[in-house]
Amino acid sequence: MQPFSYTSPRSAQEAVATFANAGRGARFIAGGTTLYDLMKLDVEHPGHLIDITAIEGLNGIDSSGEHLRFETLALMSAVAADSVVARDYPVLAEALLKAASQQIRNMATVGGNLLQKTRCMYFRNGANGVYPCNKRQPGSGCAAIGGLDRGQAILGASGSCTAVSPGDWPVALLAMDASIEVLGPQGSRTLPVGDLYRLPGNTPHLEFTLEPGEMITAIVVPKSPAGLRSTYHKIRDRESYAFALASAAVALETDGDVVTKARIALGGVATRPWRALDAEQVLIGKRLTPDIALAAGHAAFNDARPGRHNGFKAELGARTIGDALLIASERNRT
Ligand code: SF4
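Residues numbered from 1 in each chain as written. Predicted model: local features only at pLDDT ≥ 70, side-chain atom pairs only at ≥ 80, totals over all residues. Heavy atoms only, no water.

J.: Honestly, the UniProt feature "domain: FAD-binding PCMH-type" (unreviewed entry) in the chain in this entry has me stumped. Any pointers?
T.: With numbering aligned to this structure, UniProt lists the feature "domain: FAD-binding PCMH-type" (unreviewed entry) at residues 1-226. The span residues 1-226 shows a helical share of 24% and a strand share of 17%, and its end C-alpha atoms are spaced 49 Å apart. (UniProt positions renumbered as here; feature names shortened; annotations may be inferred. Helix = DSSP H or I, 4+ residues; strand = E, 2+ residues; numbered from the N terminus.)

Below is the structure:
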């Protein structure tokens, strides 16, 4: 059992002020579907929990305006069930539905989901000191490099860490060019969702670009016709309740059969939600045939750096992209 103190502020401003007074041992908590797990595993040791779930007016879902806007405490299940999201932005709904079981989707929030920790087994299960882990204990080494690395990243890894970014939802948001709104001691700011995530480099323990005391307050997705031709395609060892071996979020705009715009983001293969710019370039101005879709998929992995057991992810990832493109291109044809 770990000792910690607990408060339940009534406004976002109060939550931020509470964090500032509590110091660096403080953590915000909402659905708790990641942090409580890691506390039980002896990986996380917050001194003070600031439970933001009692804050009113922070769980709204607005799909009626120029943007989709999801406040941070909106539940994953509620956003997936929104009629506009489900009808016009299948990439978002599918990412949420494939991310977790119904029970977890009913607890987990769309803001908290962006801050999931890696599932690297050496990170989660090595708190007894058996396995070195630079993310858990900076400077201690990395048991995954040269170890059992089947699930590790082949894009964006460093000599310090190869841990995969575990999320599905941030991958879909990256494909839809979403932004997040943040509140902190210095006020509020907005940043593209992709800018939330750091590459591991030499400091894999620093995963996010949030400053101490900053909390995500909302996610904003620009409305786009690309939503109508979008999908989230996720390949995993089990068909449910499993993390991605490879996933692709794609959103297309076409003129007839010719691709005019494409956004592709990847999960399960990289150290952060990964934009596949090279794959997008293959598609622009082309008719989307199965061969072109697969060529785009292969282009996404030109810079892949596999380890001992995860080389299969390059071909699996390429085919995941290819299949996702063909699925998306068949949607909402008139
Ligand atoms: Fe830790 Fe990263 Fe190595 Fe996993 S890959 S053991 S998280 S340093």
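From this point, the discussion proceeds with the structure in view.
J.: I'm lost on helix H1 (residues 12-22) in this one. Help?
T.: Since the α-helix packs 3.6 residues into each turn, any two residues three or four apart lie on the same face. Of all the positions in H1, only Ala12, Ala15, Val16, Thr18 and Phe19 are classed as buried. Looking straight down H1, one finds its buried side chains confined to an arc of 160°; they lie on one side. Exposed and oriented more than 90 degrees from the buried face of H1 are Gln13, Ala20 and Asn21. Where H1 is buried, its residues meet strand E1 (5-7), strand E2 (26-29), strand E3 (48-51), strand E6 (179-184) and strand E8 (215-222). (Buried < 20%, exposed > 50% of the residue type's maximum accessible area, 1.4 Å probe, protein only. Arc of directions from axis to C-beta. Contact = heavy atoms within 4.5 Å.)

J.: Please clarify how the side chain of threonine 271 should be interpreted in this entry.
T.: Mapped onto the elements, threonine 271 comes out in the loop between strand E11 (258-267) and strand E12 (274-275). The exposure class of threonine 271 is buried, given its relative accessible area of 11%. A distance of 2.8 Å separates a polar side-chain atom of threonine 271 from the backbone oxygen of glycine 156. (Polar contact = N/O pair within 3.5 Å; in protein donor to acceptor, adjacent residues only side chain to side chain.)

J.: Mind showing me how you'd approach the site of the ligand here?
T.: The full set close to the ligand counts 15 residues, and Cys120, Cys133, Cys142, Cys161 and Thr162 are the nearest of them. Grouping the amino acids of the shell around the ligand by side-chain chemistry returns 10 nonpolar, four polar and one charged. (Near = heavy atom within 4 Å. Nonpolar A, V, L, I, M, F, W, Y, C, P; charged D, E, K, R; others polar.)

J.: I tried to follow the nonpolar core on my own but got confused; where do I start?
T.: Buried together is how nonpolar side chains tend to be arranged in soluble globular proteins. If you look at the biggest cluster of nonpolar residues, it comprises 42 residues, and the most contacted ones within it are Phe70, Leu92, Trp169 and Ile219. Among the elements of the structure, strand E5 (67-71), helix H3 (76-81), helix H4 (83-88), helix H5 (90-99), helix H8 (169-175), E6, E8 and strand E10 (246-255) are those that each provide at least two residues to this core. Setting aside chain neighbours within four positions, we find tryptophan 169 in contact with Phe70, Val79, Leu92, Ala95, Leu96, Val110, Asn113, Leu114 and Ile219. Membership of the second largest hydrophobic core comes to 27 residues, among which are Ala314, Ala318, Ile321 and Leu325. (Core = buried A, V, L, I, M, F, W, Y, C linked by side-chain atoms within 4.5 Å.)

J.: Please clarify how empty space enclosed by the protein should be interpreted in this entry.
T.: Left-over empty space is what a probe sized like a water molecule reveals as it rolls over the atoms. With the rule as written, the count across this model stands at two cavities of 30 Å³ or more. If you go around the largest cavity, you meet 21 residues; those closest to its centre are Lys135, Ser165, Tyr197, Glu207 and Thr271. For the lining of the largest cavity, the per-class residue count stands at 12 nonpolar, six polar and three charged. What the second largest cavity holds in volume is close to 80 Å³. Residue lining of the second largest cavity: 16 residues in total, with Cys120, Cys133, Cys142, Ala144 and Cys161 positioned closest to the centre. When its residues are assigned to classes, the lining of the second largest cavity shows 10 nonpolar, five polar and one charged. (1 Å grid on protein atoms, 1.4 Å probe; cavity = no way out; pocket = protein on both sides within 12 Å on 5 of 7 lines; lining within 4 Å. Points joined across faces, edges and corners; volume = space filled by probe spheres on them.)

J.: What is the right way to look at the pairing of strand E7 (residues 187-192) in this model?
T.: Regular strands have side chains that alternate between both faces of the sheet. Looking at chain direction, E6 and E7 are connected through six bridges and run antiparallel. When the bridges of E7 are listed, glutamate 181 appears paired with threonine 190. Two successive antiparallel strands, E6 and E7, enclose a turn made up of two residues. (Pairing = 2+ DSSP bridges.)

J.: Where do I start with the sheet that holds E10 in this structure?
T.: In sheet architecture, strand pairing relies on hydrogen bonds along the backbone and comes in two forms, parallel and antiparallel. Spatially, the four strands line up as an open sheet ordered E9-E10-E11-E12, and their pairing is antiparallel. Each edge of the sheet is formed by a strand with only one pairing partner; in this case those strands are strand E9 (230-235) and E12. The pairing of E9 with E10 spans six bridges and is classified as antiparallel. What sits directly across from serine 230, in E10, is alanine 251.

J.: Would you mind showing me how to read the pattern of salt bridges here?
T.: Close approach of charged atoms lets side chains of opposite charge pair. Under the defined criterion, the tally for this structure stands at 14 salt bridges. Residues arginine 27 and glutamate 44 are paired through a salt bridge, measuring 2.7 Å at the closest nitrogen-oxygen approach. Separated by 17 residues along the polypeptide, arginine 27 in strand E2 and glutamate 44 in the loop between helix H2 (35-40) and E3 bring together distant segments of the chain. Between lysine 135 and glutamate 207 there is a salt bridge, with the nearest N and O atoms lying 3.1 Å from each other. Of this pair, lysine 135 sits in the loop between helix H7 (121-125) and H8 while glutamate 207 sits in the loop between E7 and E8, and the two are 72 residues apart along the sequence. Glutamate 207 carries the same exposure label as lysine 135, and that label is buried. Connected via shared salt-bridge partners are Arg27, Glu44, Lys117, Lys135 and Glu207. (Salt bridge = Lys/Arg side-chain N within 4 Å of Asp/Glu carboxyl O.)

J.: What should I look at first to understand the packing of helix H10 (residues 290-299) against helix H11 (residues 312-329) in this one?
T.: Each pair of packed helices gets described by two things: the angle between the helix axes and the distance between those axes. As a packed pair, H10 and H11 sit with axes 7 Å apart at the nearest point and diverge in direction by 140°. By the angle between their axes, H10 is oblique relative to H11. Crossing angle aside, the handedness with which H10 passes H11 is right-handed. Residues Pro290, Ala293, Leu294, Ala296, Gly297 and His298 of H10 form the contact with H11, whose own contacting residues are Glu315, Ala318, Arg319, Ile321, Gly322, Leu325 and Leu326. In terms of residue class, the contact of H10 with H11 is made up of eight nonpolar, three polar and two charged. (Axes fitted to C-alpha atoms, helices over the stretch in contact; angles between N-to-C directions. Parallel < 35°, antiparallel > 145°, perpendicular 65-115°, else oblique. Left-handed = near helix turned anticlockwise from the far one by under 90°.)

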